[in-house]
Number of protein chains: 2
Amino acid sequence: MKRMSRDIRTANRYEVLRRCLDRPAVSRQELAAETGLSSATVGTLVGELLDLGILVTGGFVDSAGGRPRGLVSVDAGHGSLVGVDVAETYVHAERFDLNLRVVARADRELRPGAHEPAHVVAVIADTVRAVLDADTGGPVLGAGVCMPGLVDRQGGISVYAPNWGWHEAVPLRELLAQHLDVPLYLDNPLRASTVAELWFGAARGRDDAVVVNLGTGVGAGLALGGTLHRGVSNSAGEWGHTTLVLDGRPCHCGDRGCVEAYVGAPGIMRNLRELHPGSPLLHPDDQTATIEAIGRAAAEGSAEALDVVRETARYLGPAVADLVNLLNPEVVVLSSWVAAALGGPLVSEVRGVVGRHALAGPFAAAEIVLSPVPTDPVSLGAATFALEGFLGRNGVDATGLRPGPRASIAGGA
Amino acid sequence: MKRMSRDIRTANRYEVLRRCLDRPAVSRQELAAETGLSSATVGTLVGELLDLGILVTGGFVDSAGGRPRGLVSVDAGHGSLVGVDVAETYVHAERFDLNLRVVARADRELRPGAHEPAHVVAVIADTVRAVLDADTGGPVLGAGVCMPGLVDRQGGISVYAPNWGWHEAVPLRELLAQHLDVPLYLDNPLRASTVAELWFGAARGRDDAVVVNLGTGVGAGLALGGTLHRGVSNSAGEWGHTTLVLDGRPCHCGDRGCVEAYVGAPGIMRNLRELHPGSPLLHPDDQTATIEAIGRAAAEGSAEALDVVRETARYLGPAVADLVNLLNPEVVVLSSWVAAALGGPLVSEVRGVVGRHALAGPFAAAEIVLSPVPTDPVSLGAATFALEGFLGRNGVDATGLRPGPRASIAGGA
Ligand SMILES: [Zn+2]
Ligand SMILES: [Zn+2]
């Protein structure tokens, strides 16, 4: 109950800010009508956002006069936010203004095998510094860093990333803080892209949504009751390791028949190899090149590529139907780079197969769409965590708005 | 957001009442300490419950003097609630006092094949009348009726129950209201037993719990963030029709390889037949007798019975691990008659198999237990829906406490 009452106040504050982002000045009355909150509540929340300098009165700051009084808008240049997407092979950082528009970008490579914690930390810090040094945007209010692996939030932030040989917990926040003097918020990419859909994408305004991330690994971010469902130890969403084929293909988690073994990028490469062993679409050592080749060829109607998409949908369909049957969501969003590469042909095949596996009622209630987020959802979501953290850290203890241990991944530095 | 803010107020009210049930008189201070709510909030909620006559001041009404002032307790006899469990073969009704203790019971049979709506309605009404006529308990505040099938809440309550040949919606509430003059609340048994665990069982006080119902059919009730997760069209929890073995055993839903085909009572009978074709445990036309025979023999160490339990756990384990990986709950509760019959041997086998399939983190966070609810959880949950409905219907519109269309299954008559 404690958690719920904190969540609702935090969620209302987010909701008001979300309605102000990237649009012309808006009145408190409009905000009340759009959010369903009372005028008094909207007045309080707008007041807090004005105090923080995130909102300003009187329309856009660069528009002189003429606007009616009482309007508010985001002061985009009042501060900026950094979002970092740390993947297996690269680090990608973006700097955003307070409208969550990208104002600077930087990329660094992570060489295969070069995954010692000190090295990874140095590369992350170097990438972040590149966007910090960019001569654009207001003072940095915080940086969200999302990376693969389990984030253990007991006693500070540590990360287990077995794929990188990090079997022992690595105190990532502490190590990063030695390089970077901004508040840091750590989480994983699945939750980042789910928050991006909640704030800016297909889950916006929906009560129950599932964000299916299709990449090298796969997972399902759960946005239930309008907020991120984390689970009791912050690891909800491991749909990639639910069983699709009992005693089926071996999975790198040690189990067999997991969803990920069939629809993660390596699983899709295996589908291609089994169907068309000598296919020119196959780049044996390059997942990205292979998936993009399949996507391009499928868009051009190649029978071979469409075969692979269909075979992948034969596995992905029942696994998505499981989410529809179990959770009865309003929308299932297909996100991440594999979904983007296979695009329309994948979505339309998957819709058909889900329809054959899901129960009629939940299927009729669930839209299945590609993510509409135009930029990298992981860095956008990471920046959103930093924004949520900034809102939670600043002047809101007294009103109970500070997110508790379960409401945000980590407090500021 | 609207829904969330209504839910939190409703949930706080339930939480205060729940703390008062079936215990000696308690002070507002104790309630504040136990719920984490402010004294002001507890004062308001206690005041409302006093106004409704559900709580009384000054300790138990039958204890004269001596108690300190300012204590409150439930007035158990101020009213009563009816909970009805409509199953494939029987109707079971219980009448409860306001401490949710059973004060009367009635049972009627539903003969196989006799499932025309008018007949089923007459049998339900007759069973309810038997407990209404019992000369015990206060005036009836409402009756919850839970039955298999999909409950469609758009435009009144209709029920689709394909197992009974109800392929068209049956306006069950309207038909029942012709026989019964009490407020009616309809839902399905899965959600009833989940609410019973939330109020009185293993999910009490937990943020995230999953109630795995094992009967003829199987399903998973989801109690996330401390409240029932219904999904967008009130059909969340259809875990029985998630895929465990792609292209596996046919399921009566028309799909193949569903969890239910392996761990529902008919699936367990098939497991027995495949392992020990001539087993004396098998009662070919009687699910209940077969499952109970397996349970008794397993408890006595019969190798044949333990084989069946182990084979069932081989399927149930990965399916429960799917719930653990996806939702990261604090507790998984095994409920309903098959779980009760197979008891300890099933739970300990399932725990072992879940440990081999689930990821280490979520597995370590999840208890797996048998339901501790001592009575029929479906009629208890049905009565709880009636109690929630009574609280929602009475004098609380002004404060926004009336549950909206998604917060309870149906308003009163
Ligand atoms: Zn796996
Ligand atoms: Zn099925």
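Residues numbered from 1 in each chain as written. Chains lettered and ligands numbered in written order. Predicted model: local features only at pLDDT ≥ 70, side-chain atom pairs only at ≥ 80, totals over all residues. Heavy atoms only, no water.

Moving on, we come to the overall build of chain A. When helices and strands are tallied, chain A shows 13 helices and 16 strands. Across the 413 residues that make up chain A, the buried fraction comes to 60%. Counting only contacts in chain A whose residues sit at least 6 apart along the sequence, the fraction spanning at least 24 positions is 62%. Accessible surface computed for chain A: about 15200 Å², of which carbon and sulfur atoms make up 51%. (Helix = DSSP H or I, 4+ residues; strand = E, 2+ residues; numbered from the N terminus. Buried < 20%, exposed > 50% of the residue type's maximum accessible area, 1.4 Å probe, protein only. Contact = heavy atoms within 4.5 Å. Areas by Shrake-Rupley, 256 points an atom, 1.4 Å probe, with all protein chains shown as cover.)

This paragraph deals with the domain arrangement of chain A. What the domain assignment lists for chain A is domain 1 (2-74), domain 2 (77-192 + 378-393) and domain 3 (202-370). Summarising the inter-unit geometry, the C-alpha centres of domain 1 of chain A and domain 3 of chain A are found 37 Å apart. (Domains from an automatic or database assignment.)

Residue and element names in this part refer to chain B. Residues Leu-71 and Ser-73 of strand E3 (residues 71-74) are buried on one face, and the alternating residues Val-72 and Val-74, pointing to the opposite face, are buried as well. Here two bridges tie strand E1 (residues 26-27) to E3, and the two strands are oriented antiparallel to one another. By the bridge assignment for E3, Val-26 is matched with Val-72. (Pairing = 2+ DSSP bridges.)

Moving on to unusual backbone geometry. All names here are of chain A. Phi is positive for Leu-100, which is not a glycine, with a value near 60 degrees. Turning to its location among the elements, Leu-100 is positioned in the loop between strand E5 (90-97) and strand E6 (102-109). Accessibility expressed as a relative area gives 9% for Leu-100, which makes it buried.

All right, on to the nonpolar core then. In this structure, Leu-214, Trp-239 and Leu-327 of chain A together with Leu-214, Trp-239 and Leu-327 of chain B are the most contacted members of the largest nonpolar core, which totals 108 residues. In contact with Leu-214 of chain A, other than residues within four places in its own chain, are Trp-239, Val-263, Leu-316, Ser-335, Ser-336, Trp-337, Val-338, Ala-339 and Leu-346 of chain A. (Core = buried A, V, L, I, M, F, W, Y, C linked by side-chain atoms within 4.5 Å.)

The next thing to look at is the coordination of the zinc ion (ligand 2). Residue and element names in this part refer to chain B. Those protein atoms acting as donors to the zinc ion (ligand 2) are His-241 (ND1), Cys-251 (SG), Cys-253 (SG) and Cys-258 (SG), and they sit at 2.1 to 2.3 Å. With four donor atoms in place around the zinc ion (ligand 2) and angles of 102 to 121 degrees between them, the coordination shape is tetrahedral. Within one chain, the residues serving as donors to the zinc ion (ligand 2) are arranged as H-x9-C-x1-C-x4-C. One end of the pair, His-241, is in the loop between strand E14 (227-228) and helix H7 (260-263); the other, Cys-253, is in the loop between E14 and H7, with twelve residues separating them in the sequence. The exposure class of His-241 is buried, given its relative accessible area of 7%. Residue Cys-253 is classed as partly exposed on the basis of its relative accessible area of 29%. (Donors = N, O, S within 2.8 Å, 3.2 Å for Na, K, Ca; no water. Tetrahedral: all angles 85-135°; square planar, octahedral: opposite > 155°, others 65-115°.)

Let us now look at the packing of aromatic side chains. Residues and elements named next belong to chain B. Evaluated as defined, the whole model comprises seven aromatic pairs over all chains. With a centroid separation of 5.9 Å and 35 degrees between ring planes, the pair formed by Trp-199 and Phe-200 is classed as tilted. Among the residues examined, Trp-199 registers a relative accessible area of 1% and is labelled buried. Relative accessible area serves as the criterion here: at 23%, Phe-200 is assigned to the partly exposed category. A ring pair is formed by Tyr-262 and Tyr-315, whose centres lie 4.5 Å apart and whose planes are at 40 degrees; its orientation type is tilted. (Phe/Tyr/Trp six-rings, centres within 6.5 Å; stacked < 30°, edge-to-face > 60°.)

Glancing now at the coordination of the zinc ion (ligand 1). Residue and element names in this part refer to chain A. Coordination sphere of the zinc ion (ligand 1), protein contribution only: His-241 (ND1), Cys-251 (SG), Cys-253 (SG) and Cys-258 (SG), at 2.1 to 2.3 Å. Classification of the site at the zinc ion (ligand 1) as tetrahedral follows from its four donor atoms and the range of 102 to 122 degrees in their angles at the metal. All donors of the zinc ion (ligand 1) belong to a single chain; written as a sequence motif, their spacing is H-x9-C-x1-C-x4-C. Like Cys-251, the residue Cys-258 is buried in the burial classification.

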